[in-house]
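Chains, contacts and geometry: an overview
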Amino acid sequence: GGEQGGLGGEAGRGGGRWGGGSGCRSRGHGGVEGWRCQECGDAGVLVYEDAPDPVAGPGEVVVRVRACGINHVDIDMRNGSSRIPLDLPVTMGMEFAGEIAEVGPGVAGWSVGDRVSPVFHIHCKTCAMCALGEHQHCRNIHMFGIQSPGGYSEYAAVPAWLPVPLPDGTHL
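To start, this report covers the structure provided alongside it. (Residues numbered from 1 in each chain as written. Predicted model: local features only at pLDDT ≥ 70, side-chain atom pairs only at ≥ 80, totals over all residues. Heavy atoms only, no water.)

The number of helices and strands found in the protein is two helices and 10 strands. Tracing the protein from N to C terminus, the helices and strands come up as β-β-β-α-β-β-β-β-α-β-β-β. (Helix = DSSP H or I, 4+ residues; strand = E, 2+ residues; numbered from the N terminus.)

Here we take up the nonpolar core. Val-61, Val-63, Phe-96, Trp-110, Phe-144 and Val-158 are the most contacted members of the largest nonpolar core, which totals 14 residues. Among the elements of the structure, strand S3 (60-68), strand S5 (96-103) and strand S9 (155-159) are those that each provide at least two residues to this core. Considering every element that reaches this core, the biggest residue donor is S3, with three residues. Excluding its chain neighbours within four sequence positions, the residues that come into contact with Trp-110 are Val-61, Ile-100, Val-103, Val-116, Ala-160, Pro-163, Val-164 and Pro-165. Counting residues in each nonpolar core, the second largest holds 13 residues, with Trp-35, Cys-37, Val-90 and Tyr-152 among its members. (Core = buried A, V, L, I, M, F, W, Y, C linked by side-chain atoms within 4.5 Å. Buried < 20%, exposed > 50% of the residue type's maximum accessible area, 1.4 Å probe, protein only. Contact = heavy atoms within 4.5 Å.)

A cis geometry characterises the amide bond from Leu-88 onward to Pro-89, with omega recorded as -5°. Relative to the helices and strands, Pro-89 resides in the loop between helix H1 (72-79) and strand S4 (90-91). Despite not being glycine, Lys-125 shows a phi value in the positive range, around 70°. Position of Lys-125 among the secondary structure elements: in the loop between strand S7 (121-122) and helix H2 (128-131). Judged by its relative accessible area of 48%, Lys-125 falls in the partly exposed class.

Before going further, it helps to spend a moment on the sheet that holds S3. Strand order across the open sheet formed by five strands is S9-S3-S5-S6-S10, with antiparallel pairing between neighbours. Whereas interior strands pair on both sides, the edge strands pair on one side only; in this sheet they are S9 and strand S10 (163-165). Neighbouring strand axes in the sheet, compared pairwise and without regard to direction, differ in orientation by 45° on average. As paired strands, S3 and S9 are joined by five bridges and run antiparallel to one another. By the bridge assignment, Val-61 is partnered in S9 with Val-158. (Pairing = 2+ DSSP bridges. Axes fitted to C-alpha atoms, helices over the stretch in contact; angles between N-to-C directions.)

A separate point is the sheet that holds S4. In space, the three strands of this open sheet follow the order S2-S1-S4, with antiparallel pairing throughout. Because the sheet does not close on itself, it has two edges, and the strands there are strand S2 (46-51) and S4. Summarising the sheet, strand S1 (residues 32-37) and S2 pair through six bridges and their orientation is antiparallel. The residue bridging Arg-36 from the neighbouring strand is Val-47, located in S2.

For the rest of this paragraph, the subject is the pairing of S5. Across the eight residues that make up S5, a large majority, six, are buried. For S5 and strand S6 (residues 115-118), the ladder comprises two bridges, and the chain directions are antiparallel. By the bridge assignment, Glu-99 is partnered in S6 with Arg-115.

A separate point is the environment of Val-116. By secondary structure assignment, the location of Val-116 is in strand S6. You can call Val-116 buried: its relative accessible area is 0%. In this structure, the C-alpha to C-alpha distance between Val-116 and Pro-165, residues 49 residues apart in sequence, is 4.5 Å. Non-local contacts of Val-116, meaning those with residues more than four positions away in its chain, are made with Val-63, Ala-97, Gly-98, Ile-100, Trp-110, Pro-163, Val-164, Pro-165 and Leu-166.

Attention shifts here to the environment of Gly-93. With respect to the secondary-structure elements, Gly-93 resides in the loop between S4 and S5. Overall, the relative accessible area of 0% leaves Gly-93 in the buried class. Separated by 57 residues in sequence, Gly-93 and Gly-150 place their C-alpha atoms 4.5 Å apart. Contact partners of Gly-93, with chain neighbours within four places excluded, come to Cys-68, Asp-74, Phe-144, Gly-145, Gly-150, Gly-151 and Tyr-152.

Coordinates in, geometry out; function isn't part of it.
Given below as structure tokens:
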């Protein structure tokens with residue numbers, strides 16, 4: 001059987017802005033839909049359901065997810081074989097791409113419609129490793145689809161420093 005994934009985000013749980021609760025509102029239909037993991041197991045444990053709709057807070061953009069890869073970490077997390085702790089339920093999907101649907105207050109350089117793919121490591125920008133520019137070794141790192149809602153949903157809130165612009169002609 002093949003793996004299934006949906007489309008970007010819901011408000012998260014605890015642990016700071018991107019590891020947890022952002023404000024939510026409806027995009028006109030009571031929320032967004034996404035594939036959520038309620039328990040560990042095979043692909044059959046993914047449930048397509050409503051999730052809270054992310055809102056772009058200060059320093060954030062909301063990405064309308066158009067494509068989401070299935071990373072081996074997504075599979076390991078879902079089936080329970082990863083050594084990374086996972087709080088359930090979660091909207092998985094580490095690697096995704098789409099276009100910016102909303103730009104939060106204080107964000108410069110991004111516009112609605114820009115095509116992007118966010119870096120999946122959400123670094124804190126304040127620890128010693130971040131100060132050295134070693135963001136991949138951040139002591140407070142979060143990742144989409146693990147500690148923060150990922151791309152198996154329609155929309156995802158993303159810190160504005162993480163998106164990478166997609167080249168013209170990239171098919172989503």
